[in-house]
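Chain and residue survey
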Amino acid sequence: MKVLVVGGGGREHAIVWALSKSPKVKELYCAPGNGGIASLATCVPIKATDVDAMVDWCAAHEMDFVVVAPDDPLALGMVDALEANGIPAFGPRKNAAVIEASKVFSKGLMAKYHIPTARYETFTELEPALDYIRRQGAPIVVKADGLALGKGVVVAQTVSEAEEAARSMMADGKFGAAGSKVVIEECMTGPEVTVLCFADGEHLVPMPSSRDHKRALDGDRGPNTGGMGAISPAPGYSPEVARRCMEEIFLPTMAALKAEGRPFQGVLYFGLMLTPDGPKVVEYNARFGDPECQAVLSLLDTDLMDIFLACHDGTLDKLEIRWKASAACCLVLASGGYPGHYQTGYPITGLKEAGETAVVFHAGTKRAEDGRILTSGGRVLGVTAVGPELKSAITCAYHSAKHISFTDLHFRTDIGRT
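Quick look at the structure, then. (Residues numbered from 1 in each chain as written. Predicted model: local features only at pLDDT ≥ 70, side-chain atom pairs only at ≥ 80, totals over all residues. Heavy atoms only, no water.)

Thoughts on the side chain of Ser209
Considering the arrangement of structural elements, one finds Ser209 in the loop between β11 (204–206) and β12 (211–212). The buried category is assigned to Ser209, whose relative accessible area is 6%. (Helix = DSSP H or I, 4+ residues; strand = E, 2+ residues; numbered from the N terminus. Buried < 20%, exposed > 50% of the residue type's maximum accessible area, 1.4 Å probe, protein only.)

Okay, structure coming up:
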């Protein structure tokens, strides 16, 4: 098969890495790809959000299958466009991807179908939002309605911080149209867990649990990022908790989407909070999380192409998906200043040495004309290690990362330890 993966980050590198092991995949492409992906797939210089150009290229090059990995092209309807042109694709259609693209929609879905989540209100005007914040007090959570690179959520510890978040989204346009509407909700407490699930519209199969570390600094301090590291499995996600999540959240969400005429095929991401009142939904995503994807796919023991085909064909219930009895840790090495202002274009050294004990997934890199790998983004690399248990995987990831160096390198020292 000739397969194209859409995207160019660490998640896409992990998907390409897994697909490169499939005997079914004879030719592998990635658009736009990055400096690390280029060693496994042919990179195609098309923006992930350019739906028309992507469809035209796939048709011209007779792609057998396309994996649409990032949130933006899913929300733009890339899967719909590909399928309309006779090109099979993995990922939800636009009307199902809205579960991530609009927090107002997802919260309304949960309310309508009694899926446990935080109490909330939605706002389209600033003053009523500010009044609500003052009445509710802090801590409180302010979320931009639309897609904002994983940064459109502020967990405000004070009323003034929440007010500033609402102003920046609704009045100052910090996230553009994504912040024209906001969701303001209660601040839930408890351990956070991510569970990614393969879905074929009818059936749903959970992957091993994981835990993302969103804050930029140690001790869960600093601004929210796209993710500074992830571990799998997540401590505290017991078989009993998993059973409750399946019965109270996962299956009801699939049924709700189907009932609304939005059957979900692809990866459905459940961001959960294990509250004193039981598991509740923090957020949905319509694709693999990043960096959770890197950790979880490192544990996969089944051909990923077989899974993608089963999700597309509606035969997921016929496929046995196997996982290694191991644990994984993905440590993100970022550019100093991320998620704010940062510089790029710095040479990266030590990749070969780090790769001897871990898999180094590239997120924000590019290959220079002289062959050197340079930084080109905020999150640069995801050093991912597997071990017989979580402690050894974490230790190995940090040991491997010591080999890597670039100007202004920044990482958290407590991934999996908080």
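Re the environment of Glu186
Along the chain, Glu186 turns up in strand β9 (residues 182–186). Assessed through its relative accessible area of 22%, Glu186 is described here as partly exposed. For the pair Glu186 and Gly137, spaced 49 residues apart in sequence, the C-alpha separation works out to 9.5 Å. With near-sequence residues (within four places) excluded, Glu186 lies in contact with Ala118, Arg119 and Val141. (Contact = heavy atoms within 4.5 Å.)

A word on the pattern of salt bridges
Two side chains that carry opposite charge are able to pair once their charged atoms sit near each other. On inspection of all chains with the given rule, the structure shows 21 salt bridges. Measuring nitrogen to oxygen at the nearest pair gives 2.6 Å for the salt bridge that ties Glu163 to Arg134. With Glu163 in helix α8 (residues 159–170) and Arg134 in helix α7 (residues 126–136), this residue pair connects regions lying 29 residues apart in the sequence. What emerges from the salt-bridge pattern is a single network uniting Asp71, Glu100 and Arg287. (Salt bridge = Lys/Arg side-chain N within 4 Å of Asp/Glu carboxyl O.)

Structural notes on the sheet that holds strand β10 (residues 192–200)
An order of β11-β10-β16-β17 is seen for the four strands of this open sheet, with the pairing classed as antiparallel. Two strands lie at the open edges of the sheet, namely β11 and β17 (278–285), each paired on one side alone. Between one strand axis and the next, the sheet turns by 35° as a mean value, whatever way the strands run. Here β10 pairs with strand β16 (residues 265–275) via nine bridges, running antiparallel. If you follow Val195 over to β16, its bridge partner there is Phe270. Each of β10, β11, β16 and β17 is contacted by helix α9 (residues 239–259), which is oriented at about 135° to β16, the strand it contacts most. Lying on the sheet, helix α11 (residues 304–313) is in contact with β10 and β16; it crosses β10 at an angle near 65°. (Pairing = 2+ DSSP bridges. Axes fitted to C-alpha atoms, helices over the stretch in contact; angles between N-to-C directions.)

Remarks on the sheet that holds strand β6 (residues 120–123)
Reading across the sheet, the four strands line up as β6-β9-β7-β8 and stay open at both edges, with antiparallel pairing between neighbours. Of all the strands in the sheet, just β6 and β8 (153–156) have a single pairing partner and so form its edges. With strand direction ignored, the average angle separating the axes of adjacent strands in the sheet is 20°. Pairing between strand β7 (residues 140–144) and β9: five bridges, direction antiparallel.

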